[in-house]
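Take a look at the letters that make up each chain.
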Amino acid sequence: MVEAVLIDLFSLTANLQSNIQGLLHNTLEAIEKCSSIHAPFVYVMCCQRQGSERKGEQESLLPALRGFQSLKRRLEVVCAQTTAAALYTIKQRLDEKDLSIIKVILPTLRKDLMKVYIDHLFTAVYQFEFEDLQMAPDSESLQISEHQHEGQMLPSQDMALIQSEIQMYLESLPSLKGELTILRSSLIPDDVFLHGFTTRTGGISYIPTLSSCNLFSSSKRRDPQVVVKENLRRLANAAGFNPEAFHRVKVDHANAVCIMGKTEPDDYDGIVTDQKGVTLAAPGADCIPVLFADPVRRACGAAHSGWKGTLLGVSMATVNAMVSEYGCNMKDILVVLGPSVGPCCYKLPHESAKEFHRIDPKCVRLFDSANPYIDIRRATRILLERGGILPENIQDDSITDKNQNITFCTACHPDKFYSHFRDGTNFGTQIGFISIKD
């Protein structure tokens, strides 16, 4: 069932304003007659001409809006200078109400353009259906400002213009939840490496569980890739790395490791390099983003270590890749565990907890319960030390100096971090990142 209707009048210009008013009136009348008592939310998207006031644009449509009492509280006119700005504003309204099924009523010649905007600004969470805007017989004066491409592939130049328009609009948006904040480890020498762990502030993601510096997009979440890209651009500017030379692990919750410069596996939870200026990253939203640095051989790595990856030894697999590929010495490798869910909050079923108990009984609290508390950080440290990493070369939550602690519990700090455990399926993601300075 359609949850919202979007009427796209953005491209229409009229010699006589009454033409657009008549068109809108007829469209709203059709919606009202075809809808149930609980009419869907209706958004009218129109162009705010440069030099005109937004209020004036909306007032020009008021005659057409009068008389639709059932839609009165569910109808909004959105005026903006660009399609990107108008559509993104409507997306915010949809997300506020958790609406996902949208009918778009628009001129036939706008359909292909609109689909490109939608592909960029929305994810697979949303479902769109399209209906042609029924032009009145006396609407010869109505014109469409975009080039006529209906039924054809849009020229690459138009695609590029749309992408540029979206990017420029997103760059203009203010940061949310305060300034962008990066946590850094005192263990990793900053004269050799650029590194850090992100928090949730300083980005443009507005959905509560994703707000504001979400750094991962998927088909199951409402944050599109373009928003994540803008968050990453802001992070790169603040941290000082090149976002075009940025490589994130392809999470599989296993122990495969990618060697930069060699054939890239389909999925991997660890990544290593000795190339300068290349930024490696591992996501985390309860799982541990782990950073690795060897200042002697000038090599680095990043790994994503959830409970499965921890048991499979992804951190030592990343260390071993640095040793075998770059000749690193175990005693020179530094390892930092980033913000992740702590043993105060994280539970697993008893069968899974047994595996951590085998590593060390201290990795499990309330072992005899159905869902014991698990310490994946302690398990990671133990496996690293058994593999040959020096205890003093590992930084985690065992740091007694609170000023140096960066391994916070993500579930305990909703103001600072995202948490899948706490926030559910539409959770945001922070990252740990590292690169070798030029």
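Quick notes on the rules
Residues numbered from 1 in each chain as written. Predicted model: local features only at pLDDT ≥ 70, side-chain atom pairs only at ≥ 80, totals over all residues. Heavy atoms only, no water. UniProt positions renumbered as here; feature names shortened; annotations may be inferred. Pairing = 2+ DSSP bridges. Helix = DSSP H or I, 4+ residues; strand = E, 2+ residues; numbered from the N terminus. Axes fitted to C-alpha atoms, helices over the stretch in contact; angles between N-to-C directions. Left-handed = near helix turned anticlockwise from the far one by under 90°. Contact = heavy atoms within 4.5 Å. Nonpolar A, V, L, I, M, F, W, Y, C, P; charged D, E, K, R; others polar. Parallel < 35°, antiparallel > 145°, perpendicular 65-115°, else oblique. Domains from an automatic or database assignment. Salt bridge = Lys/Arg side-chain N within 4 Å of Asp/Glu carboxyl O. Buried < 20%, exposed > 50% of the residue type's maximum accessible area, 1.4 Å probe, protein only.

The name given to the protein in an unreviewed UniProt entry is Purine nucleoside phosphorylase LACC1, and the organism recorded there is Emberiza fucata. One UniProt comment on the protein, placed under Sequence similarities (unreviewed entry), says "Belongs to the purine nucleoside phosphorylase YfiH/LACC1 family." On record in UniProt, under Subunit (unreviewed entry), the comment for the protein is "Interacts with FASN. Interacts with SDHA. Interacts with ATF6, EIF2AK3 and ERN1."

A.B. asks: Whenever I open this one, the sheet that holds strand β11 (residues 257-259) confuses me. Can you help?
C.D. replies: What links the strands of a sheet is backbone hydrogen bonding, and the strands pair in either a parallel or an antiparallel sense. Strand order in this open sheet of six strands is β11-β12-β15-β14-β16-β19, and the pairing throughout is mixed. The sheet is open, and its two edges are formed by β11 and β19 (394-395), each paired on a single side. Sheet topology note: the strand β16 (residues 334-337)/β19 ladder contains two bridges and is parallel. Residue pairing in the sheet places V336 in a bridge with Q395 of β19.

A.B. asks: Honestly, the packing of helix α9 (residues 314-326) against helix α11 (residues 376-387) in this entry has me stumped. Any pointers?
C.D. replies: Two packed helices can be described by the angle between their axes and the distance between those axes. Packing of α9 against α11 leaves a shortest axis separation of 9 Å and a crossing angle of 35°. For the element pair α9 and α11, the recorded crossing hand is right-handed. Counted together, S315, M316 and V319 of α9 and T380, L383, L384 and G387 of α11 form the full contact between these two elements. Counted by class, the contact of α9 with α11 contains four nonpolar, three polar and no charged residues.

A.B. asks: Which parts of the structure should I look at to understand the packing of helix α6 (residues 156-172) against helix α7 (residues 225-239)?
C.D. replies: Where α6 contacts α7, the two axes come as close as 10 Å, and the packing angle between them is 55°. With respect to their mutual orientation, α6 and α7 come out oblique. α7 is crossed by α6, and the crossing has right-handed handedness. On the side of α6, the interface is formed by I166, L170 and E171, while α7 contributes V226, V227, E230, R233 and R234. The class makeup of the residues in the contact of α6 with α7 is four nonpolar, no polar and four charged.

A.B. asks: Could you clarify how one ought to interpret the domain arrangement of the protein in this entry?
C.D. replies: By convention, interface size is frequently given as the accessible area that disappears when the constituent parts associate. The domain boundaries assigned to the protein delineate domain 1 (1-49 + 62-135) and domain 2 (182-436). Taken over C-alpha atoms, the centre of domain 1 sits 43 Å from the centre of domain 2. If you look at the interface, domain 1 gives 15 residues, while domain 2 gives 13 residues. At the boundary of domain 1 and domain 2, one finds two salt bridges. Taking the shortest distance from any N to any O, the salt bridge between R222 and D95 comes out at 2.5 Å.

A.B. asks: How do you make sense of the pattern of salt bridges when you look at a structure like this?
C.D. replies: Close approach of charged atoms lets side chains of opposite charge pair. Taken as a whole, this structure holds 21 salt bridges when the rule is applied. The salt bridge involving D95 is made with K91; its shortest N-O contact spans 2.8 Å. With D95 and K91 both in helix α4 (residues 83-96) and four residues apart, this pair spans about one turn of that helix. Its relative accessible area of 12% is what places D95 among the buried residues. With a relative accessible area of 1%, K91 lands in the buried category. Among the ionic pairs, K103 bridges to E131, the shortest N-O distance being 3.0 Å.

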